[in-house]
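# Examining the three-dimensional arrangement
If you want the building blocks of each chain, they are given just below.
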Amino acid sequence: MHKESQMMSFGYTPEWSEGSVKPPIFQTSTFVFKTAEEGKRFFEVAYGKSELNAKEEIGLIYSRINNPNMQILEERLAVLEDSESAAAFESGMSAISTTMLSYLKPGDILIYGNPVYGGTHHFITHFLKDIGVKILPFSSKTKAKEIITKLETSEYSGNVKMIYFESPANPTNSLFDLDELKKLKDEISVKSSNEIMLVMDNTYLGPLWQKPLDFGVDIVCYSATKFLNGHSDVIAGCAMGSEQVIRPIKTLRTFLGSMIAPYTAWLLTRSLETLHLRMAKQGENAEKVVNYLISHKSVKTVSFPGIETMGKKQNKIFKRQCLGSGAMISFEVFGGEKEAFKFLNNLKLIKLAVSLGSNESLAQHPHSMTHADVPDDIKEKIGINQGLIRLSVGIENAEDIISDLNNAFKEI
Ligand SMILES: *Cc1c(COP(=O)(O)O)cnc(C)c1O
């Protein structure tokens, strides 16, 4: 069955809940055991003292460990990503931080892509660095050789445990070459004979337009707040991968308490029913908007995966590893902050707000907003200029989006 069909009912049987077509909200903190023996058995499994037998089902204990809404959601997320397992969280940041903390200890090395989401960048460069994780940044232009050379210096003694990145990068839309990163991971792990997790934030193009697990990525993380939920009314996150790599993440989640709540899981499950419709429409609208922007006299550059101006190398990567361009456009207006602000202040349909992937169109100024924390010299190096605007295209009528942009351009 196709994924969009499976989103209607996968992982739920109406007989469980009085024939209710949709799963109810299991707004409960705890679950009754049939017998004391059953309770004992559930705890043995939950604490990893014993494995489930082939015929056994995992029992419900307490909603920090599991809850039917979380479980139904996770099963559908795994379908969407073609993964063996999925873990749902109360935010994208908790999915990312719990994943990192599951695999990184003080003294370990984290190689991370630049740019990454502002919150992720802060967590890496402040928290992880402060607890003694050694951090090594790279960009889509860094050669694997440069990274290997750096790892040979005394500053980076220790074991590389994770390579973490986003593709396309936010907000520049530059793609990272998944084949190259897989090669880099293999090369370092052979040298150091230690296991390395290749982790990718797939929020921008997943799960429809990019399948990183097919390219040897071990774990994908999401801010489910964005396309997956798509209605700007929920904060949530998830991580997907094999049963083996997700298990330690779920265990740590139990003790950090960063699991998704029943109502949030229910809302997100509801959103997944329209994911394919929403993303398809957003993608169509984005192409129309890009075509409009490319020819506009106030626009200096447009960044959008797959368009000619991204360059030959980028487009080769695009053809190999992306199934669509997405709905996130970055463009630079002539001038700087003043012109960008004038433009943003005159949008009417498109809301001036951070976040992305939702059914309504949103625009923001990365230099002063989402990426305010990134040092100016790095911003300049990676192309986050004063005139740059990031646009997330929604499901409105494309003509209305374009006419809103057109009116705002007139004000510059
Ligand atoms: C929003 C976002 C996050 C953080 O997710 P929250 O749900 O806000 O915690 C992480 N990565 C990317 C790419 C994002 O856009």
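Computed from a prediction, not measured in an experiment: that's the story for all the values here.

Time to look at the overall build of the chain. Along the backbone of the chain there are 14 helices and 12 strands. Taken over the C-alpha trace, the chain has a radius of gyration of 22 Å; the compact-globule value for 412 residues is 22 Å, and the two agree within 12%. Seen along its three principal axes, the alpha-carbon backbone of the chain occupies a region of about 75 × 60 × 35 Å. Evaluated residue by residue, the chain yields a buried proportion of 53% over its 412 residues. At a minimum sequence separation of 6, the contacts of the chain that also span at least 24 residues come to 73%.

The next thing to look at is the sheet that holds strand S12 (residues 388-392). On the basis of which strands lie adjacent, the open sheet formed by five strands has the order S8-S9-S12-S11-S10 and mixed pairing. For this open sheet the edge positions go to strand S8 (299-303) and strand S10 (351-352), each flanked by a neighbour on one side alone.

Geometry of an aromatic ring pair is reported as the spacing of the ring centres plus the angle between the planes. A full pass over the atoms with the stated rule returns 14 aromatic pairs. For the pair Tyr263 and Trp266, a centre-to-centre distance of 6.1 Å together with 15° between the ring planes defines the contact as stacked. Within this pair, Tyr263 and its partner Trp266 are both found in helix H9 (residues 262-272), separated by three residues, close to a single helical turn. Relative accessible area serves as the criterion here: at 43%, Tyr263 is assigned to the partly exposed category.

With that settled, consider the domain arrangement of the chain. Domain assignment breaks the chain into domain 1 (23-28 + 63-272) and domain 2 (275-410). Here the C-alpha centroids of domain 1 and domain 2 sit 24 Å apart. Residue-level contacts link 40 residues of domain 1 with 40 residues of domain 2. Both sides of the domain 1 and domain 2 interface together cover about 3,400 Å² of buried area, and 59% of this is carbon and sulfur. Linking domain 1 to domain 2 there are two salt bridges. Residues Asp179 and Arg320 are paired through a salt bridge, measuring 3.0 Å at the closest nitrogen-oxygen approach.

Here we take up the site of the ligand. Within the structure, the ligand sits among 14 residues, and Met93, Asp201, Ser223, Thr225 and Lys226 are positioned closest to it. A distance of 2.6 Å is found between an oxygen atom of the ligand and a side-chain nitrogen or oxygen belonging to Thr225. Within the side chain of Lys226, a nitrogen or oxygen atom sits 2.7 Å from an oxygen atom of the ligand. For the ligand, the accessible surface in isolation is 380 Å², of which the surrounding protein chains cover 94%. The element that contributes the greatest number of residues to the shell around the ligand is helix H4 (residues 92-103), accounting for three residues. For the shell around the ligand, a count of residues per class yields six nonpolar, five polar and three charged.

We now examine the side chain of Lys211. Looking at the secondary structure, you find Lys211 in the loop between strand S5 (197-201) and strand S6 (219-223). A polar contact of 3.1 Å, which involves the side chain of Lys211, links it to the backbone oxygen of Pro207. Apart from residues lying up to four places away in sequence, Lys211 is in contact with Lys3, Leu80, Glu81, Asp82 and Leu323.

On to helix H12 (residues 337-345). Listing the buried residues of H12 in full gives Ala340, Phe343 and Leu344. Within H12, the buried residues cover an arc of 95° as seen down the axis, which keeps them to one side. In H12, the exposed residues that point more than 90 degrees away from the buried face are Lys338 and Asn345. As for H12, its buried residues are in contact with strand S9 (328-333), S10, strand S11 (362-364), S12 and helix H14 (398-410).

What follows covers the side chain of Lys226. By secondary structure assignment, the location of Lys226 is in the loop between S6 and strand S7 (237-241). Asp201 provides the closest opposite charge to the buried, unpaired Lys226, separated from it by 7.4 Å. The residues touching Lys226, leaving out its near neighbours within four places in the chain, are Tyr117, Thr203, Ser355, Leu356 and Gly357.

As a further point, take unusual backbone geometry. The step from Ser167 to Pro168 runs through a cis peptide bond, and the omega angle for that step is -5°. Relative to the helices and strands, Pro168 is located in the loop between strand S4 (160-166) and helix H7 (178-192). The omega angle of the peptide bond from Asn170 to Pro171 is 5°, so this bond is cis rather than trans. One can find Pro171 in the loop between S4 and H7. At Asp82, a position not held by glycine, the phi torsion is positive, near 55°. Residue position: Asp82 is located in the loop between helix H3 (68-81) and strand S1 (85-89). Here Asp82 falls in the partly exposed class, since its relative accessible area comes to 47%. Phi is positive for Asn173, which is not a glycine, with a value near 65°.

Conventions used here
- Residues numbered from 1 in each chain as written.
- Predicted model: local features only at pLDDT ≥ 70, side-chain atom pairs only at ≥ 80, totals over all residues.
- Heavy atoms only, no water.
- Helix = DSSP H or I, 4+ residues; strand = E, 2+ residues; numbered from the N terminus.
- Rg over C-alpha atoms; globule rule 2.2 N^0.38 Å.
- Buried < 20%, exposed > 50% of the residue type's maximum accessible area, 1.4 Å probe, protein only.
- Contact = heavy atoms within 4.5 Å.
- Pairing = 2+ DSSP bridges.
- Phe/Tyr/Trp six-rings, centres within 6.5 Å; stacked < 30°, edge-to-face > 60°.
- Domains from an automatic or database assignment.
- Buried area = accessible area lost by both parts, 1.4 Å probe.
- Salt bridge = Lys/Arg side-chain N within 4 Å of Asp/Glu carboxyl O.
- Near = heavy atom within 4 Å.
- Polar contact = N/O pair within 3.5 Å; in protein donor to acceptor, adjacent residues only side chain to side chain.
- Areas by Shrake-Rupley, 256 points an atom, 1.4 Å probe, with all protein chains shown as cover.
- Nonpolar A, V, L, I, M, F, W, Y, C, P; charged D, E, K, R; others polar.
- Arc of directions from axis to C-beta.
- Lys, Arg positive; Asp, Glu negative; His and termini not counted.

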